[in-house]
Structure formats: structure tokens, C-alpha cells
Amino acid sequence: TALAVGGPLLKSSHNAKLGSIVVNAGGLTLYHLTSETKSHVQCNGVCADFWLPVLAAGAAKPKLGPGVSATKIGTIKRPDGKLQVTYAGFPLYRYYLDKAPGQDHGEGIRYGTGIWYAVSTAGKIVKVKTAPAPTTTAQPTTTSSGGGGMGY
């Protein structure tokens, strides 16, 4: 169920919400799980059915399209022995519900002790800024009891 792709394996795309992010050859958003490290893959088994690891094709260096840095590309060995592509040390995955370029349905999803985030072409995880709580400018309504007199 993992995803091994040919052609330009990684390239850059501008996402209206996330900025300049790393995508696969088909333009689909690639993600990283924050609880994973440069040397430890956590997403295995059923997790990898929903979050498809981006696999290197054999021992060949991953191919690159425009906008990504060759110096940030690497691989990590998965528990099954396959090589998974990393960007700036982040193991990369594609979310199964992202079906078209520009979709980012996996952004911010919690999994175990980590959270899934897209990866920027600068090699950082991309956290969408949430809008601040709305503030009101209305003044509170006050009532005064004028002492009970009729004022005649």
C-alpha cells in the first residue's frame, strides 16, 4: 500500500493555505508525523494504509522537480526494509483522502503522540495559523436606577 513513484518524485507547489510545500509527482501534498524522528519511523501497519509512505525506487536517488532542494533529500530504512524518502530529515507520507492537487485533508490530524503536517520546501513543518477569536467592539449596556424619584 506504500507509494513508490517515478518521474519527478518530489517537487514544489504553492498551496493557498500552506504556502510553498513539497508534493509528489502528481501534485499531492506530502506530510510528516511530528512524533517521528530522522532515525525512527512510527507509521507502520494499519497507519501506512492511510498514510502512504513515499518510497525510494530501489537504490536510486529520488528524482526532483522544480522548487525542492537536492541537499534536503534523503532516505530512512523502514521496519520492512524498504527505503522511505525524507525531506530535511522528515519521513514523507501521502494522505489517502487527498485525491487531487491542492488538497490538504491530512493537515493537523492527530495520530498517537504526533500530529501530521505538510512539509515546506524550506524543510520545515507547516502549521496552519488558526484565526484568533473574534473580538467585540460593542460597549456593555448599563442601566442606572435614578434613585426612584419621578423628577418633576
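Residues numbered from 1 in each chain as written. Predicted model: local features only at pLDDT ≥ 70, side-chain atom pairs only at ≥ 80, totals over all residues. Heavy atoms only, no water.

What about the state of the cysteines?
Next up, step 1: Counted by the stated rule, this structure contains 1 disulfide.
Next up, step 2: Each sulfur of the disulfide joining Cys43 and Cys47 lies 2.0 Å from the other. The S-S bond linking Cys43 to Cys47 shows a torsion near -105°; that makes this disulfide left-handed.
Next up, step 3: Classification of Cys43 as buried rests on a relative accessible area of 0%.
Next up, step 4: Relative accessible area serves as the criterion here: at 5%, Cys47 is assigned to the buried category. (Disulfide = S-S within 2.5 Å. Buried < 20%, exposed > 50% of the residue type's maximum accessible area, 1.4 Å probe, protein only.)

What about unusual backbone geometry?
Next up, step 1: One non-glycine residue, Ala88, adopts positive backbone phi at about 55°.
Next up, step 2: In this fold, Ala88 is placed in the loop between strand 7 (83-87) and strand 8 (90-91).
Next up, step 3: Residue Ala88 is classed as partly exposed on the basis of its relative accessible area of 25%. (Helix = DSSP H or I, 4+ residues; strand = E, 2+ residues; numbered from the N terminus.)

Considering the environment of Ser35
Next up, step 1: Position of Ser35 among the secondary structure elements: in the loop between strand 4 (30-33) and helix 1 (47-50).
Next up, step 2: On the basis of relative accessible area, Ser35 is assigned to the buried category, the value being 18%.
Next up, step 3: Those residues in contact with Ser35, other than ones at most four positions away along the chain, are Gln42, Thr113 and Gly114.
Next up, step 4: Only 2.3 Å separates the side chain of Ser35 from the side chain of Gln42, close enough to count as a polar contact. (Contact = heavy atoms within 4.5 Å. Polar contact = N/O pair within 3.5 Å; in protein donor to acceptor, adjacent residues only side chain to side chain.)

What about the confidence of the model for the chain?
Next up, step 1: Within the chain, residue pLDDT values average 83, and 78% of them lie at 70 or more.
Next up, step 2: A low-confidence stretch, residues 140-145 (pLDDT under 50), is modelled with 0 contacts involving residues beyond four sequence positions or located in other chains. (pLDDT = per-residue confidence, 0-100.)

Some points on the pattern of salt bridges
Next up, step 1: Evaluated as defined, the whole model comprises 1 salt bridge.
Next up, step 2: Ionic pairing is found between Asp104 and Lys17, a salt bridge with its closest N-O pair at 3.2 Å. Of the two residues, Asp104 sits in the loop between strand 9 (93-95) and strand 10 (110-111) while Lys17 sits in the loop between strand 2 (10-15) and strand 3 (19-24), which places them 87 residues apart along the sequence.
Next up, step 3: The class of Lys17 is partly exposed, set by a relative accessible area of 49%. (Salt bridge = Lys/Arg side-chain N within 4 Å of Asp/Glu carboxyl O.)

Some points on the side chain of Thr29
Next up, step 1: Topologically, Thr29 is positioned in the loop between strand 3 and strand 4.
Next up, step 2: In this structure the side chain of Thr29 is engaged in a polar contact, spanning 2.7 Å, whose partner is the backbone oxygen of Gln103.

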